[in-house]
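# Structural description and commentary
Listed below, chain by chain, are the residues.
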Amino acid sequence: MSSAPSKTPTAAAQSSLHQKDQAWSGRFSEPVSELVQRYTASVQFDQRLAEVDIQGSLAHAAMLQRAGLLSDQDLADIQRGMETILSEIRAGQFQWSVALEDVHLNIERRLTELVGDAGKRLHTARSRNDQVATDIRLWLRGEIDLILDLLRNLRLALIGQAEANADVLMPGFTHLQVAQPISFGHHMLAYEAMFGRDAERLIDARRRVNRLPLGAAALAGTSYPIDRAFVAEQLGFEGICENSLDAVSDRDFAIEFTAAASVLMMHISRLSEELILWMTSRYGFIRLPDRFCTGSSIMPQKKNPDVPELARGKTGRVYGHLMGLLTLMKGQPLAYNKDNQEDKEPLFDAVDTVRDTLRVFGEMVAGMEPQPEAMRRAALEGYATATDLADHLVKKGLPFRDAHEAVALAVRAAVDAGVGLEDLPLSQLQSFSPLVGEDVFEVLQLEGSVASRNHPGGTAPTQVRQAAARARARLGG
Ligand code: ARG
């Protein structure tokens, strides 16, 4: 029998204020140092999961009651307590405590303060390991839905620009050199196609996000007669995570989301790069409304495309989170490890970055003002219809390689003369090939060139209008 009660674990634990706060203090003989407490706590950032944590707890409690593991009165107490907690959190009045480590223990402690023993019964047949995995999935599912809405808005803005500007002609580029004339609307729909694939990727990843870990408990399942299908249904999950070890340790879903987010941001960054180029005075292809630009504190003439530049920069940050999450998982043995707590900040930041970026891009693209004159001038300067001249000769029977050579000589002559191909007299054009016909001037016009690319996927304005209509129909208006 111990004669020094103050040295028993319980007494030591009770001597510390902080230690008393902890849910697992019984096993320990001295309090966790404040430094370690701060180092291991996640409540500073995971309080963001509070609402889904409560949602998950309510579904779990309802299941416990149905299984006879919780009385009707306990369930009613838990529901009442959670309602109070929810309004405290929403009003910003909830007292978060670092000593209570994370969002789960903070809410559970407050619940017990409010309703007593029922609060202590809530954690039956559950662990924070399956609880946190459930929370992140619920939260991410909601964020994916928001992001899909914003992505839809951006796609509608691109489609709107395509419809309004199907007949606006610009140079298309390869190697950033003028290549062939295209419709500005066609260019807009190229981005719509990219963002359409991004939406598909997110919808696909969502299916794997939308599975229930609860029931896995700490790692091996639980000895209580639980009903996982009921909880899954309550929470709108498409099914349960089959294997309990996998359920608590899998973060593939977060990695997949961040991978899809990275590809999406890569597309945003490509679009940004073009907007930035197009806004320079050398291009002058577009104007962005002032509300999306900023000035310089020293150069009064400047109007800077800060929004696309920042989006291009933020792309790197999302890629970084993908690398962070992959690296977080690569060395982890089964099942749950505390490492997993590090999944949240990168995931939260990836979501915030994508959400904010899509929101501003939806508005900015809708407000973008194309400058047809500048685009036309640039297309005319670059011999953009040289391929059309070659095609003209091929249609008259010349092999393509020979036509290519003849046109190269014609372009050189036009460059030497400082004029466009369409400015050379017919007789001079015929000196490069007698097959050049009087109808050549039509194909040398920008309009003739684009109109001739008249097949699905081509840049003819009539095709662009049809493609825009199909894209709009796919989005349901
Ligand atoms: N805050 C923890 C996390 O984010 C919750 C799970 C803690 N589980 C544990 N066994 N320590 O991962």
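Below is a summary of the structure that appears in this document. (Residues numbered from 1 in each chain as written. Predicted model: local features only at pLDDT ≥ 70, side-chain atom pairs only at ≥ 80, totals over all residues. Heavy atoms only, no water.)

### Looking at the overall build of the protein chain
Inclusion rule: Secondary structure follows DSSP: runs of H or I at least 4 residues long count as helices, runs of E at least 2 residues long count as strands, and numbering of each begins at the N terminus. Residue burial is assigned from relative accessible area. The probe radius is 1.4 Å, only protein chains are included, and a residue is buried under 20% of its type maximum, exposed over 50%, and partly exposed in between. Per-residue accessibility takes into account occlusion by the displayed protein chains alone, with areas from the Shrake-Rupley method and a 1.4 Å probe. In this tally, Asp and Glu contribute negative charge and Lys and Arg positive charge; neither His nor the terminal groups of the chain are included. By convention, charge coordinates are those of NZ in Lys, CZ in Arg, CG in Asp, or CD in Glu.
Helix and strand counts for the protein chain come out as 22 helices and six strands. Seen along its three principal axes, the alpha-carbon backbone of the protein chain occupies a region of about 115 × 55 × 40 Å. Going through the 477 residues of the protein chain one by one, you find that 50% of them count as buried. As displayed, the protein chain has an accessible area near 22,900 Å², and 52% of this comes from carbon and sulfur atoms. Charge centroids of the protein chain, computed over 51 positive and 62 negative side chains, lie 2 Å from each other.

### A look at the pairing of strand β2 (residues 177–183)
Short version of the rule: The rule for pairing is simple: two strands pair if DSSP sees at least two bridges between them.
As paired strands, strand β1 (residues 169–174) and β2 are joined by six bridges and run antiparallel to one another. Bridged to leucine 169 within β2 is serine 183. Between the end of β1 and the start of β2, which pair antiparallel, lie two residues, with histidine 175 showing a positive phi angle near 55°.

### Let's talk about the site of the ligand
The test is simple: Note on definitions. A residue lies near a molecule or strand when any single heavy atom of the residue is within 4 Å of it. By the criterion applied in these results, polar contacts are pairs of N or O atoms within 3.5 Å in which, for protein atoms, one can donate a hydrogen and the other can accept it, and in which residues neighboring in sequence qualify only through two side-chain atoms.
Taken together, the residues surrounding the ligand are Ser42, Asp46, Asp102, His104, Arg128, Asn129, Val132, Tyr336, Gln341 and Lys344. The separation between a nitrogen atom of the ligand and a polar side-chain atom of serine 42 is 3.3 Å. The separation between an oxygen atom of the ligand and a polar side-chain atom of lysine 344 is 2.5 Å. In isolation the ligand offers 340 Å² of accessible surface; the protein chains occlude 85% of this area. In terms of residues, the shell around the ligand owes the most to one element, helix α9 (residues 128–164), which gives three residues.

### As for the layout of surface pockets
Heads up, the rule is: Using a grid of 1 Å spacing that covers the protein atoms alone, one calls a set of points a cavity when a 1.4 Å probe fits there but cannot get out, and a pocket when the set is open and has protein on both sides within 12 Å along at least five of seven lines; lining residues are those with an atom within 4 Å of a point. Grid points are joined across faces, edges and corners, and a volume is the space filled by probe spheres set on the points. Polarity classes work like this: nonpolar for Ala, Val, Leu, Ile, Met, Phe, Trp, Tyr, Cys and Pro, charged for Asp, Glu, Lys and Arg, and polar for all others, with Gly in that last group.
The space that makes up the largest pocket amounts to roughly 330 Å³. No other element matches the five residues that helix α10 (residues 184–209) contributes to the lining of the largest pocket. Of the residues in the lining of the largest pocket, the class split is eight nonpolar, six polar and three charged.

### Re the packing of helix α5 (residues 50–66) against α9
Going by this rule: As a rule, the C-alpha atoms of each element are fitted with a line to give its axis, helices using only the stretch in contact, and angles between N-to-C directions run from 0 to 180 degrees. Roughly parallel refers to an angle under 35 degrees, roughly antiparallel to one over 145, roughly perpendicular to one between 65 and 115, and oblique to any angle outside these ranges. Here a crossing is called left-handed whenever its near helix is offset anticlockwise from the far helix by less than a right angle, and right-handed whenever the offset is clockwise. Every residue pair with non-hydrogen atoms within 4.5 Å of one another is taken to be in contact.
Where α5 contacts α9, the axes come no closer than 9 Å and their chain directions differ by 120°. As the angle between them shows, α5 and α9 are arranged oblique. For the element pair α5 and α9, the recorded crossing hand is right-handed. Note on element contacts: α9 touches α5 through Gln131, Asp135, Leu138, Trp139 and Arg141, opposite Val52, Asp53, Gln55, Gly56 and Ser57. The residue inventory of the contact of α5 with α9, partitioned by class, reads three nonpolar, four polar and three charged.

### Things to note about empty space enclosed by the protein
Under the counting rule described, the total for this entry stands at four cavities of 30 Å³ or more. In this model, the largest cavity occupies a volume close to 70 Å³. Forming the boundary of the largest cavity are Ala379, Leu380, Tyr383, Ala384, Thr385, Gly420, Leu421, Glu422, Leu444 and Leu446. Here the lining of the largest cavity is composed, by residue class, of seven nonpolar, two polar and one charged. For the second largest cavity, the calculated volume is near 50 Å³. Contributions of two or more residues to the lining of the second largest cavity are made by α5 and α11 (228–234). A breakdown of the residues in the lining of the second largest cavity according to their chemical character gives six nonpolar, two polar and two charged.

### Quick word on the pattern of salt bridges
Counted only if it meets this: One side-chain nitrogen of Lys or Arg within 4 Å of one carboxyl oxygen of Asp or Glu is enough to make a salt bridge.
If you walk through the whole model with that rule in mind, you get 32 salt bridges. Ionic pairing is found between arginine 66 and aspartate 227, a salt bridge with its closest N-O pair at 4.0 Å. Here arginine 66 is found in helix α5, whereas its partner aspartate 227 is found in the loop between β3 (211–212) and α11, with 161 residues between them in sequence. Given the relative accessible area of 55%, arginine 66 is considered exposed. In the salt-bridge network here, residues are joined through shared partners; they are Arg48, Glu143, Asp352, Arg355 and Asp356.

### Remarks on the environment of alanine 199
Assignment of secondary structure puts alanine 199 in helix α10. Placed 62 residues apart in sequence, alanine 199 and alanine 261 show a C-alpha to C-alpha distance of 9.9 Å. Among residues more than four places away in sequence, those in contact with alanine 199 are Leu148, Leu151 and Arg155.

### So, unusual backbone geometry
One can expect most non-glycine residues to show negative phi and most peptide bonds to be in trans. Cis geometry is adopted by the peptide bond preceding alanine 335, which originates at leucine 334 and carries an omega value of 0°. One non-glycine residue with positive phi stands out, namely glutamate 101, at about 70°. Along the chain, glutamate 101 turns up in the loop between α6 (72–90) and α7 (103–115).

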